[in-house]
Amino acid sequence: MDFEKLILGIDIGTSSVKVSLLDSCTSKSIYAKSVPTISKINPSHQKGDEQDVVKILKAMKQCIKSPGKMMEKVKAIGICGQMHGIVFWDEKFVHNFWDSEFTSKTDKFVSNLYTWQDARTDFQFLAKLPKPHSHLKAYSGYGCNTIFWLKENQPEILSNFNQCGTIQDLIVSILCNQGKSVMSTHNAASWGYFNVTDCSWNIDILTEANFPVHLLPSVVQPGINVGTLYETLYNIPKGAVVGVALGDLQCSVIATLTTMTDAVINISTSAQVAFIAKEIETQCDGVEYFPYFENHFLAVAASLNGGNVLDSFVRSVFSWVSALGLTITEDELWNRLLHLSPEENLTPLIVNPLIFGERHNPTTYGSLINVTNNNLTLSELFSGFCKGIINNLLKMMPREMLLKAGIQRIIGSGSVINKNHIIKTQIETCYNLPLSVTMSEDSAFGAALALLKNNPSLFN
Ligand SMILES: Nc1ncnc2c1ncn2[C@@H]1O[C@H](COP(=O)(O)OP(=O)(O)O)[C@@H](O)[C@H]1O
Ligand SMILES: O=C(CO)[C@@H](O)[C@H](O)[C@H](O)[C@H](O)COP(=O)(O)O
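Conventions adopted
Residues numbered from 1 in each chain as written. Chains lettered and ligands numbered in written order. Predicted model: local features only at pLDDT ≥ 70, side-chain atom pairs only at ≥ 80, totals over all residues. Heavy atoms only, no water. Disulfide = S-S within 2.5 Å. Buried < 20%, exposed > 50% of the residue type's maximum accessible area, 1.4 Å probe, protein only. Near = heavy atom within 4 Å. Polar contact = N/O pair within 3.5 Å; in protein donor to acceptor, adjacent residues only side chain to side chain. Areas by Shrake-Rupley, 256 points an atom, 1.4 Å probe, with all protein chains shown as cover. Nonpolar A, V, L, I, M, F, W, Y, C, P; charged D, E, K, R; others polar. pLDDT = per-residue confidence, 0-100. Phe/Tyr/Trp six-rings, centres within 6.5 Å; stacked < 30°, edge-to-face > 60°. Lys NZ or Arg CZ within 6 Å of the ring centre and 35° of its normal. Helix = DSSP H or I, 4+ residues; strand = E, 2+ residues; numbered from the N terminus. Pairing = 2+ DSSP bridges. Axes fitted to C-alpha atoms, helices over the stretch in contact; angles between N-to-C directions. Contact = heavy atoms within 4.5 Å. Core = buried A, V, L, I, M, F, W, Y, C linked by side-chain atoms within 4.5 Å.

Let's shift gears to the state of the cysteines. According to the stated counting rule, one finds zero disulfides in the structure shown. Note on C80: no disulfide assigned, nearest cysteine sulfur contributed by C251 at a separation of 4.0 Å. For C251, a relative accessible area of 0% corresponds to the buried category.

Moving on, we get to the site of ligand 2. The local shell around ligand 2 holds 15 residues, among which T14, M83, D248, S268 and S270 are the closest. For ligand 2, an oxygen atom lies 2.6 Å from a polar atom in the side chain of S268. R359 is positioned such that a nitrogen or oxygen atom in its side chain is 2.9 Å from an oxygen atom of ligand 2. For ligand 2, the protein covers 97% of the area, taking 430 Å² as the surface of the free molecule. Considered class by class, the residues forming the shell around ligand 2 number five nonpolar, eight polar and two charged.

Taken as a whole, the protein chain shows an average pLDDT of 94; of its residues, 98% reach a score of 70 or greater. Reported confidence for the predicted complex is 0.97 by ipTM and 0.95 by pTM.

The next subject is the packing of aromatic side chains. Enumeration over the complete set of coordinates arrives at 11 aromatic pairs. Their ring planes at 75 degrees and their centres at 5.3 Å tell us that F97 and W98 sit as a pair that is edge-to-face. You can call W98 buried: its relative accessible area is 18%. One aromatic cluster in this structure is built from F97, W98 and Y230. Lying across the ring of F97, K61 places its NZ or CZ 4.9 Å from the centre. Residue placement shows R120 over the ring face of W149; its charged tip is 4.8 Å from the ring centre.

Turning our attention to the environment of K33. Among the structural elements, K33 can be located in strand β3 (residues 28–36). With relative accessibility at 28%, the residue K33 sits in the partly exposed group. When the C-alpha positions of K33 and I64 are compared, they lie 8.6 Å apart, and in sequence the two are 31 residues distant.

Below, the discussion takes up the sheet that holds strand β4 (residues 40–41). A sheet is described by the order of its strands in space; here three strands give the open sequence β4-β5-β8, paired in antiparallel fashion. For this open sheet the edge positions go to β4 and β8 (113–114), each flanked by a neighbour on one side alone. Relative to strand β5 (residues 50–51), β4 is paired through two bridges, and the arrangement is antiparallel. Within the sheet, the bridge partner assigned to I41 lies in β5 and is E50.

Before going further, it helps to spend a moment on the sheet that holds strand β19 (residues 287–291). In space, the six strands of this open sheet follow the order β19-β20-β18-β17-β23-β24, with mixed pairing throughout. Only two strands of the sheet have a single neighbouring strand rather than two, namely β19 and β24 (435–437). In this sheet, adjacent strand axes meet at a mean angle of 30 degrees when their direction is disregarded. Here helix α13 (residues 378–396) sits on the sheet in contact with β17 (262–267), β18 (271–277), β19 and β20 (297–303), set at roughly 135 degrees to β20. Contacts from helix α16 (residues 421–431) reach β17, β18, β23 (409–413) and β24 within the one sheet, and its direction differs from that of β24 by about 155 degrees.

A few words on helix α7 (residues 167–176). Among the 10 residues that make up α7, 10 are buried, leaving the element largely enclosed by the rest of the structure. Turning to α7, its buried residues number three or more, namely I167, Q168, D169, L170, I171, V172, S173, I174, L175 and C176. N177 lies just past α7 and shows a positive phi near 50 degrees.

Here the focus is the site of ligand 1. As a structural note, the neighbourhood of ligand 1 is formed by 16 residues, with S15, K18, T269, G307 and S415 the closest of them. Contacts to ligand 1 include T269, whose side-chain N or O atom sits 2.5 Å from an oxygen atom. In this structure, D331 approaches ligand 1 through a side-chain N or O atom, which is 3.3 Å from a nitrogen atom. When ligand 1 is considered free in solution it has 590 Å² of accessible area, and contact with the protein chains removes 83% of it. For the shell around ligand 1, the elements supplying multiple residues, two or more each, are β2 (16–23), α11 (307–323), α12 (330–338) and α15 (415–419).

Counting residues in hydrophobic clusters, the biggest one holds 144 residues, and the most contacted among them are I77 and F88. If near-sequence neighbours (up to four positions away) are discounted, I77 is found in contact with L8, I10, L175, L229, I236, A240, V241, V242, G243 and L451. Ranked by size, the runner-up nonpolar core spans 11 residues in total, among them L22, A76, A255 and A448.

Moving on, we come to unusual backbone geometry. The phi torsion at N177 lies on the positive side, around 50 degrees, for a residue other than glycine. Locating N177 in the fold gives a position in the loop between α7 and β10 (182–184). Owing to a relative accessible area of 17%, N177 belongs among the buried residues under this scheme.

Structure (structure tokens):
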């Protein structure tokens, strides 16, 4: 089939990069690909969580290389990715991307990515920080808090670089060969100390606390285009329009939601349940209102415990198997766990899977309840972790809250729901609402769709 005008959507996830190609005539996805980043590195702090930026960029290159000649039809690029995290760079890093391949010299011009899972700003540290002037609190793993910590503990990171942003903001800068960082309200709100109502950083509060405000990116509304592709890249023509980077959460919702009476549960490395709200309601623990599109908000319960919990469980089993002198590949192990017999339905075993704590309750971790002499089986443990992830989401955003907001259906998105039947069934059981499951590259598709919706004239 011959396509006239395509939009490339890119999602920089915590575990993988995904791309989607959207046909602007039909608004349908015609191509999708996902490449694992394998970018986790030993953090400089024991509670830290850092990723190698060059590895993420290499995974992205691999993803956008794969469609080949089809990319010649790309007119615009929409980008989204993991929120809250922060990376620092020097403008030379952006220009170097176009001049040469990555070298050890390139590495000096970019920091690691301090991700949303970074917990170095613990309870005691956060207690010392000023209160933000915003309806949103600032938690551990949020960009501004990470800057506060670095200023006190590793000030050289702040003096070595002159720009910062989320990883998706860096990618926009690179594609446009534009040194200065520009950010959308989606990502600014995810850093803390940002007032969504007047679209500004809490400059006074931050200055008073000796925060390096000169580093803060300028902020624009989602849907604004920040530049064009600097050079032809893997068949994508030079001059393709590049939109400001968006949050992966908002993109997973725009990709899948068809009416205001739908809610979305997205589970990939993390897990969230969200619905669109016209205004900010009184907030309860665990539910926050993040900016969406067109002055709307997303009411969201974002859990730090999603697919990462299952990943940790699989890694533990993998290490037990190796310790016993046996061998199995990780893929085979996943496959076996997902196909274990479901006799565990009547088990009294309850798994509380909060191994990463929660933002609203950071010092409480996971536990097992009702362990008996015959229920510590692999099947019961694995399905217990799966079910526990959904039970936790239900606690954070109860069914009654969805019903009160007029929600009639749940859309399930993210690779974990797609692959995991135990999780699918548990969503249906817990929320007792119809569940419709979509493709897993939905955030990448959403980034492309948002660009199409905001720029109809580009595609006439
Ligand atoms: N072989 C596998 N089979 C099923 N699920 C897997 C497998 N490998 C990883 N996963 C799950 O997928 C999650 C990562 O999903 P992914 O869509 O790549 O994340 P992200 O969007 O955050 O980058 C992991 O945390 C893990 O729970
Ligand atoms: O933490 C929140 C919102 O507060 C998440 O919803 C947000 O989407 C973050 O980007 C995710 O935690 C990372 O996304 P993913 O890699 O798990 O897909």
